[in-house]
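# Architecture and fold: a report
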Amino acid sequence: MNEAPAKADASKKRMGADRPALIVVLSVLLAAMTTSAALYQNYIYTRQLDAIQRNVTRAEYIRACRDVIEAYFQVKLQVGFIMMNHAGASAPPPARMHEMEAANAVSRFGALGTYLANFQNEDIRYRYTLLTRELSRIVLAVPHGGEAELDKVFEKADDMFAAMNDDCVKSSKAVPLN
């Protein structure tokens, strides 16, 4: 009978000795799980930041495309006003204002075109530069030209602008949202 309590005492001593080792193992396991969760959370956060950054970049590019389109049609509008004012004799003061507005719109177009060209290859950059030069030539030549139709004056520029607009569409579709 004395053997049973002796075995129980030995069993209790052995469990008491295993407890600190069990606590250490649980602590290490808990630390490993916490570290794994933190690494996974960091991975998810990084992916989310990448998606947001791509979306911001895409939105900026689309905004620049919209602005360059607006600037192009502002040039056409101002050139149309210049042509209407020069249909008569000497240029009245409003025609000078339209000439300045047209030159300003060409400058804005050139600045936006340069920004957009930075996302493209060298050939496309050259095309954007040629389009800006063509618009400058049109604005400078219109007051000295005779009777001409607006569509005839902008025929070459319209073709180059259509290619630029196509580049905007392709690039904005190529950048995924997520």
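Here goes a summary of the coordinates provided. On a predicted model such as this, the values are computed, not experimentally measured, just so you know. (Residues numbered from 1 in each chain as written. Predicted model: local features only at pLDDT ≥ 70, side-chain atom pairs only at ≥ 80, totals over all residues. Heavy atoms only, no water.)

### Some words on the overall build of the protein chain
The helix and strand tally for the protein chain stands at five helices and zero strands. Helices and strands appear in the protein chain in the N-to-C order α-α-α-α-α. The buried share among the 178 residues of the protein chain stands at 28%. Put simply, 77% of the contacts in the protein chain that link residues at least 6 apart link residues at least 24 apart. Surface exposure of the protein chain reaches about 12400 Å², of which carbon and sulfur atoms provide 61%. (Helix = DSSP H or I, 4+ residues; strand = E, 2+ residues; numbered from the N terminus. Buried < 20%, exposed > 50% of the residue type's maximum accessible area, 1.4 Å probe, protein only. Contact = heavy atoms within 4.5 Å. Areas by Shrake-Rupley, 256 points an atom, 1.4 Å probe, with all protein chains shown as cover.)

### Focus: the packing of aromatic side chains
Tallied over the entire structure, the rule returns seven aromatic pairs. Here Tyr-72 and Phe-154 contribute two aromatic rings whose centre-to-centre distance is 6.2 Å and whose plane-to-plane angle is 85 degrees, an arrangement assigned as edge-to-face. Linking Tyr-72 in helix H1 (residues 3-85) with Phe-154 in the loop between helix H4 (150-153) and helix H5 (155-174), this pair joins segments that are 82 residues apart in sequence. Residue class for Tyr-72 comes out buried when judged on its relative accessible area of 0%. Considering the side-chain rings of Phe-73 and Phe-161, the 5.8 Å spacing of their centres and the 85 degrees angle between planes classify their relative orientation as edge-to-face. Residue Phe-73 is located in helix H1, and its partner Phe-161 is located in helix H5; the two are separated by 88 residues in the primary sequence. Residue classification places Phe-161 among the buried residues on the basis of a relative accessible area of 7%. (Phe/Tyr/Trp six-rings, centres within 6.5 Å; stacked < 30°, edge-to-face > 60°.)

### Observations regarding a negative patch on the surface
Taken together, Glu-149, Asp-151, Glu-155 and Asp-159 make up a surface patch of like negative charges. Tracing the backbone through its elements, the reader meets Asp-151 in helix H4. (Patch = residues over 30% accessible without salt bridge, like charges linked within 9 Å, V, L, I, M, F, W, Y side chains within 5 Å. Salt bridge = Lys/Arg side-chain N within 4 Å of Asp/Glu carboxyl O. Lys, Arg positive; Asp, Glu negative; His and termini not counted. Charge placed at Lys NZ, Arg CZ, Asp CG, Glu CD.)

### Quick notes on the packing of helix H3 (residues 122-141) against H5
Contact geometry for H3 and H5: axes closest at 10 Å, N-to-C directions at 145 degrees. The two elements H3 and H5 cross, and the hand of that crossing is left-handed. Taking contact as the criterion, the partners of Ile-124, Arg-127, Tyr-128, Leu-130, Leu-131, Glu-134, Leu-135 and Ile-138 in H3 are, on H5, Lys-156, Ala-157, Met-160, Phe-161, Ala-163, Met-164 and Asp-167. Of the residues assigned to the contact of H3 with H5, the class counts are eleven nonpolar, no polar and four charged. (Axes fitted to C-alpha atoms, helices over the stretch in contact; angles between N-to-C directions. Left-handed = near helix turned anticlockwise from the far one by under 90°. Nonpolar A, V, L, I, M, F, W, Y, C, P; charged D, E, K, R; others polar.)

### Remarks on the pattern of salt bridges
Scanning all chains against the criterion turns up seven salt bridges. With its nearest N and O atoms 3.2 Å apart, the salt bridge here joins Asp-67 to Arg-66. Across the pair Arg-127 and Asp-167 runs a salt bridge whose closest N-O atoms are separated by 2.5 Å. You can see Arg-127 sitting in helix H3 and its partner Asp-167 sitting in helix H5, a full 40 residues away along the chain. Owing to a relative accessible area of 35%, Arg-127 belongs among the partly exposed residues under this scheme.

### Thoughts on the state of the cysteines
A full pass over the atoms with the stated rule returns one disulfide. Note on cysteine connectivity: Cys-65 is disulfide-linked to Cys-168, with sulfurs 2.2 Å apart. As the torsion about the S-S bond is roughly -95 degrees, the Cys-65-Cys-168 disulfide counts as left-handed. Residue Cys-65 is located in helix H1, and its partner Cys-168 is located in helix H5; the two are separated by 103 residues in the primary sequence. Here Cys-65 and Cys-168 have matching classes, each one buried. (Disulfide = S-S within 2.5 Å.)

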